[in-house]
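# Observations on chain architecture
What follows is the residue order along each chain.
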Amino acid sequence: MKKHIVIAGGGFAGINLIKSLRNDKRFRITLVDKNNYHFFPPLIYQVATSFIEASNISYPFRKLFSNDKHVSFHMGNLIRVTPENRTLETDTGTLHYDYLVLAMGTESNFFGMENVRKHALPMKTIEEALYLRNHILLTLEEAARNKDIKEAEKLQNIVIAGGGPTGVELAGMLAEMGKYIAQREYPEIKLSLSSIYLIDALPSLLSPMSTVAQKTAYETLRELGVKILLNVSVKDYKDCKVILSDGKSIETETLIWTSGVIGREVPGIPEESIGKGRRLLVDAYNKVENTQNIYAVGDLCLMLSEEKYPNGHPQLAQVAIQQGKNLAANFQRIEDEKVLHSFEYNDKGSMAIISKFNAVVDLPKYSFKGFLAWLTWLFIHIIPLVGFRSKVQLAMDWFRLFITNNPSIRLILYPKKNTNNGTT
Ligand SMILES: Cc1cc2nc3c(=O)[nH]c(=O)nc-3n(C[C@H](O)[C@H](O)[C@H](O)COP(=O)(O)OP(=O)(O)OC[C@H]3O[C@@H](n4cnc5c(N)ncnc54)[C@H](O)[C@@H]3O)c2cc1C
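These lines cover the structure that appears in this document, whether it is placed above or below.

The rules behind these values
Residues numbered from 1 in each chain as written. Predicted model: local features only at pLDDT ≥ 70, side-chain atom pairs only at ≥ 80, totals over all residues. Heavy atoms only, no water. Pairing = 2+ DSSP bridges. Helix = DSSP H or I, 4+ residues; strand = E, 2+ residues; numbered from the N terminus. Right-handed = clockwise from strand over helix to strand, strands pointing away. Buried < 20%, exposed > 50% of the residue type's maximum accessible area, 1.4 Å probe, protein only. Lys, Arg positive; Asp, Glu negative; His and termini not counted. Salt bridge = Lys/Arg side-chain N within 4 Å of Asp/Glu carboxyl O. Polar contact = N/O pair within 3.5 Å; in protein donor to acceptor, adjacent residues only side chain to side chain. Contact = heavy atoms within 4.5 Å.

## Some thoughts on the pairing of strand 14 (residues 227–230)
Pairing analysis gives four bridges linking strand 13 (residues 196–200) to strand 14, with the strands arranged parallel. The partner of aspartate 200 across the bridge, within strand 14, is leucine 230. Regarding topology, helix 8 (residues 211–223) serves as the crossover connection from strand 13 to the parallel strand 14, and that connection is right-handed.

This is the structure we're talking about:
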């Protein structure tokens, strides 16, 4: 009898697990995901700023695994796990498993601020990136029509909460959008009324990175005109006013939230197996504590057993990829009755792009910045993209866009059914 492995979540962890087991006939694998595609979060900010198409960074699961007879896809949203029956309930049906792997990643954390949750714009999924893209373009149109200076300022101000790599990359891209595109295409807009604010509660940007990276990010963004507010956090967002912890406020229609994440909820998992940030506590082999045959990998899990990472691993793509691969090898070792390998993270470094031709790269032993770092960033972000066509397409698009500064996908599109009688 083939062992049935059900994997909930086809992100970096989930698909790398499947790719490592796809040729092993001892297993039957079902991938469950609420979307029908895999996507690449590190480049989502380029979708939100109309720089690249969503299809550049996403790939349909069914195509990805079309040659793998042991792999099937079930589109559905996880509702609950029932460990005693070994079942996973989704909104589109119930699945039985021999092994269950939870790999659903995280969602935005608004730290209990209800107004921020309701009105801020998160940027974690393709849908959110497309919504943000429409919002930015619509707000620019409104600003172009507006004659009132106060209103125009509110429309043109953008506040980004979170000075990590995503916030920094987004701030740089938006500042360049203003410089290269808004000036040329929106002549009605007074650019002197626009401000991009980047806010972080910590004393520096890119806090987990080296001081070289932090300083470079700070200086480059300041030169691009970004207003950086450190040691300050967002406390509320009401009546189009971002209220800050130092008592000041900024009027804006656009608060972009890149400030924090929390593990996706998995009803049915015992309370005592849920750790800080709602991450699932796992042992050194990624097995969820207090459960049988249930594993968690990637951003969703919290492993405290590795000596170098006593507070858990950083929530990064490489951790998810490596955990997916290690768990796949351990499933094979279970079948072969061999000793399991505990997970050990191989840190390959981190990086962030700050502006055109300028990035920062921290390798385990040294850091560098500038044009070489920028080329490294482009190369490293193309390699893990799924699908040869996506890699070539993105490389060609980037080449053209970085030279011309003129992407042409600034289209405001709302998918909807035409409700008239077809006469127009
Ligand atoms: C904007 C952004 C930029 C980032 N930049 C970087 C970077 O530059 N470098 C880096 O290393 N890391 C970066 N990260 C972090 C990195 O993307 C994550 O660490 C990584 O994606 C985690 O992989 P994962 O497989 O655990 O989860 P994810 O990649 O988040 O995948 C989760 C999957 O689960 C599915 N899913 C979610 N909920 C359900 C449900 N209820 N039912 C069914 N399916 C579900 C989702 O559709 C998705 O396919 C970034 C993240 C974001 C959001």
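More follows now that the structure is in view.
## Comments concerning the side chain of aspartate 200
Along the chain, the position of aspartate 200 falls in strand 13. Lysine 235 is the oppositely charged side chain nearest to the buried, salt-bridge-free aspartate 200, at an N-O distance of 12 Å. Looking at aspartate 200, its side chain comes within polar contact range of the main-chain nitrogen of leucine 202, at 2.8 Å. Discounting chain neighbours no more than four positions away, the residues touching aspartate 200 are Gly162, Gly163, Gly164, Leu229, Leu230, Asn231 and Val232.

## Some words on the sheet that holds strand 12 (residues 158–161)
Across the sheet, five strands lie side by side as 11-18-12-13-14; this open sheet has parallel pairing. Lying at the two open borders of the sheet, with one neighbouring strand each, are strand 11 (121–122) and strand 14. When strand 12 meets strand 13, the two strands line up parallel, connected through four bridges. By the bridge assignment for strand 13, alanine 161 is matched with isoleucine 199.

## Examining the pattern of salt bridges
Tallying each qualifying case throughout the model produces 13 salt bridges. Note that lysine 150 is salt-bridged to glutamate 251, the shortest N-O span being 3.5 Å. Placement of the pair is lysine 150 in helix 6 (residues 149–156) and glutamate 251 in strand 17 (residues 249–251), with a sequence separation of 101 residues. Residue classification places lysine 150 among the exposed positions, given a relative accessible area of 56%. Put simply, glutamate 219 and lysine 215 hold a salt bridge, and the shortest N to O gap is 4.0 Å. Residue glutamate 219 and its partner lysine 215 are located together in helix 8, separated by four residues, close to a single helical turn. Given a relative accessible area of 57%, lysine 215 falls into the exposed group. Through salt bridges that share partners, Asp24, Arg26 and Asp336 make up one connected network.

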